Amino acid sequence: MTKALFTKPFTQQEAVPDEVIDRVVEILKTGRLHRYNTLSDELSEASLLERDYAEYQGSKYCIACTSGGYALTVALRSIGLKPGDKILANAYTLAPVPGAIYAAGGVLVFVDIDDDWHTDMVDLEKKAAESDAKFMMLSHMRGHIADMDAIVAICSKYDISLVEDCAHTMGAHWKGARSGNFGKVACFSAQTYKHINSGEGGLITTDDEEVAARAIVHTGSYMLYQRHGTPPSEEMFRRIRLDTPNMSGRIDNMRAALIRGQLSGLENNIQRWNSRYRTLEQGLMGSKHLHVPERAQHEAFVGSSIQFQVRNIESRNIPELVSRCAARGVEIKWFGDDEPKAFTSRYDSWQYLGEQPVLAKTMEVLSKTCDLRVPLTFDEADCSLIFQIICEEADLLADELRDAG
Ligand SMILES: *Cc1c(COP(=O)(O)O)cnc(C)c1O
């Protein structure tokens, strides 16, 4: 019997909608590409994006910038993190997060995760008490949203300012509130592999006027800070503008148009991601060697990727499973690899942070964690073929390993 092969690329996004392309071309034809290059009282596309995204998010302020990672650095500086300040962060995340913290001068205190990839609340409380950190960066990594009631309670008990990294939760909710509305400030990415694709792009949201004003000046407003979609008061700017460094990272009007134009399609895309996610989830659960943890009922997530845990196959044999699936066209990432690959790395890979204490639980959970992208260019039939291939290979490998004793 010949084995079925999957042939579509895991990195192919959908085309940008025609009406969005038309808007970008329209902007190109005006020649006014810089966000502060406006005619009289015209609002630039960047400002219109900020106004629209703040409305979508339900936040008072939105500041657009060059990337999600840059947004994180600006957010940290804007809430007052100074070089040498400690900051708590869940250890299951990706490289731009420790990088942003490092760029802002923060000293990382990693917090363990639990079996379902959420922040471990016992470890969080322990580290909050021991470290006396006044900041926390919470990555909703791969869209898994922790118990936000518990996070918010611990942050308030220890007087910790919370930054939410919503790179994977744009459009998601927890107990009916949008992800990003639980802390002092939230950051989003519009990089190609996230939920809106402008190539590169970042968004910062907050209800705090001072944080918003500082973020605007940090992103490179010169003294044109009032030309924003959701501007704080002149009085606030006058107070902070001269002690807030300009760290140029503005968005341009073309990228702003790409993000703004795709916002109206986001809810529909979330439905499309989630139906694919459910197909994969159900299918992967068909193998007794694979496990997809159940999502909390009140977690309205965006299934733009799916994670599963391998059971009954030792971690050292997972690379064999990954390569057998790859040979059939299915691209699985494994978070247990000691060697960082492509977009995937682990907290112990970031050597510039210095020696970190071993997080035993995180290492154990990640040693069996596999990850699949779910681009919207895959249809339901594609998802069925993908889970069939993974289940077949997992079952086969588990049998072989058992027979080999
Ligand atoms: C992609 C990503 C970011 C940063 O986004 P960029 O726009 O690529 O800088 C931050 N956090 C996580 C978890 C991400 O995956």
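From a predicted model like this one, the values you see are computed outputs, not experimental measurements. By convention here, each chain's residues receive numbers from 1 onward along its written sequence. Totals for whole chains, interfaces and linings use all residues, but because this is a predicted model, local features are given only for residues with pLDDT of at least 70 and pairs of side-chain atoms are given and counted only at 80 or more. To get the side-chain values, all heavy atoms of the structure are used, and hydrogens and water are removed first.

Draft legend 1. Spatial organisation of the overall build of the protein chain. Labels follow the DSSP assignment, with helices taken as runs of H or I lasting at least four residues and strands as runs of E lasting at least two, numbered in each case from the N terminus. Per the secondary structure count, the protein chain includes 13 helices and 14 strands. Taken over the C-alpha trace, the protein chain has a radius of gyration of 22 Å; the compact-globule value for 405 residues is 22 Å, and the two agree within 12%. The dimensions of the protein chain, computed from C-alpha atoms along their principal axes, are 75 × 55 × 35 Å. The buried share among the 405 residues of the protein chain stands at 57%. Working rule for contacts: check all heavy atoms of both residues, and any pair within 4.5 Å makes them a contact. Here the analysis covers contacts within the protein chain between residues at least 6 apart in sequence; of these, 73% occur between residues at least 24 apart. Accessible areas in this description were obtained via Shrake-Rupley with a 1.4 Å probe; residue shielding takes into account the shown protein chains only. Surface summary for the protein chain: the accessible area is close to 17,100 Å², and the carbon and sulfur share equals 51%. Here the positive residues are Lys and Arg and the negative ones are Asp and Glu; neither His nor the chain ends is included. For the purpose of locating charges, the reference atoms are NZ of Lys, CZ of Arg, CG of Asp and CD of Glu. Distance between charge centroids for the protein chain: 3 Å, based on 44 positive and 58 negative side chains. C-alpha atoms define the radius of gyration, and 2.2 Å times the number of residues to the power 0.38 defines the globule rule. Relative accessibility decides the category of a residue: with a 1.4 Å probe and only protein chains considered, values under 20% of the type maximum give buried, values over 50% give exposed, and everything between is partly exposed.

Draft legend 2. Broad picture of the nonpolar core. Note on terminology: a nonpolar core comprises buried Ala, Val, Leu, Ile, Met, Phe, Trp, Tyr and Cys residues joined through side-chain atoms within 4.5 Å. Within the largest apolar cluster, 74 residues are counted, with the highest numbers of intra-cluster contacts made by Phe308, Val330 and Ile390. For this core, the element with the highest residue contribution is helix 13 (residues 380-403), accounting for nine residues. Segmentation of the chain into domains, including their bounds, is taken from an automatic or database domain assignment. When residues of this core are sorted by domain, at least three fall in each of domain 1 (18-263) and domain 2 (266-403). Core analysis: the next-biggest nonpolar cluster, separate from the first, contains 40 residues, Ala100, Ala104, Phe110 and Ile216 among them.

Draft legend 3. Region of interest: the site of the ligand. Put simply, a residue is near a molecule or strand once any heavy atom of it comes within 4 Å of that molecule or strand. Near the ligand the following residues occur: Ser67, Gly68, Gly69, Leu94, Pro96, Val97, Asp165, Ala167, His168, Ser189, Gln191 and Lys194. Counting of polar contacts relies on pairs of N or O atoms within 3.5 Å, with two restrictions inside protein: one atom must be capable of donating a hydrogen and the other of accepting it, and residues adjacent in sequence are counted only when both atoms are side-chain atoms. Within the backbone of Gly69, one N or O atom sits 2.7 Å away from an oxygen atom of the ligand. Looking at the shell around the ligand, its residues break down into four nonpolar, six polar and two charged. Three categories are distinguished: nonpolar for Ala, Val, Leu, Ile, Met, Phe, Trp, Tyr, Cys and Pro, charged for Asp, Glu, Lys and Arg, and polar for the others, with Gly belonging to the last.

Draft legend 4. Structural view of helix 9 (residues 253-263). Those residues of helix 9 that fall on the buried side of the exposure criterion are Asn253, Ala256, Ala257, Leu258, Ile259, Gln262 and Leu263. Looking at the buried positions of helix 9, the neighbouring elements they touch are helix 1 (18-30), helix 2 (45-57), strand 9 (202-206) and helix 10 (266-284). The N-cap residue of helix 9 is Asp252: its side-chain oxygen and the backbone nitrogen of Met254 are 2.9 Å apart.

Draft legend 5. Seen up close, the pattern of salt bridges. A pair is scored as a salt bridge if a Lys or Arg side-chain nitrogen falls within 4 Å of a carboxyl oxygen belonging to Asp or Glu. Applying the stated rule across the entire model yields 38 salt bridges. Close ionic contact of Lys368 with Glu364 constitutes a salt bridge, the shortest N to O distance being 3.4 Å. Because the salt bridges share partners, they merge into one network encompassing Arg23, Glu26, Glu45, Arg51, Asp52 and Arg260.

Draft legend 6. Inspection of the pairing of strand 9 at higher detail. Burial runs high along strand 9: five of the five residues are buried. Burial along strand 9 is two-sided: the face carrying Gly202, Ile204 and Thr206 and the face carrying Leu203 and Thr205 are both buried. Pairing of strand 1 (residues 61-65) with strand 9 involves five bridges; the strand directions are antiparallel. Opposite Ile63, over in strand 9, you have Ile204 as the bridge partner. In this structure, strand 8 (residues 185-189) lies alongside strand 9, joined through five bridges in antiparallel fashion. The residue bridging Cys187 from the neighbouring strand is Ile204, located in strand 9. Any two strands between which DSSP finds at least two bridges are classified as paired.

Fair warning: the whole summary comes from geometry, so function is off the table for now.
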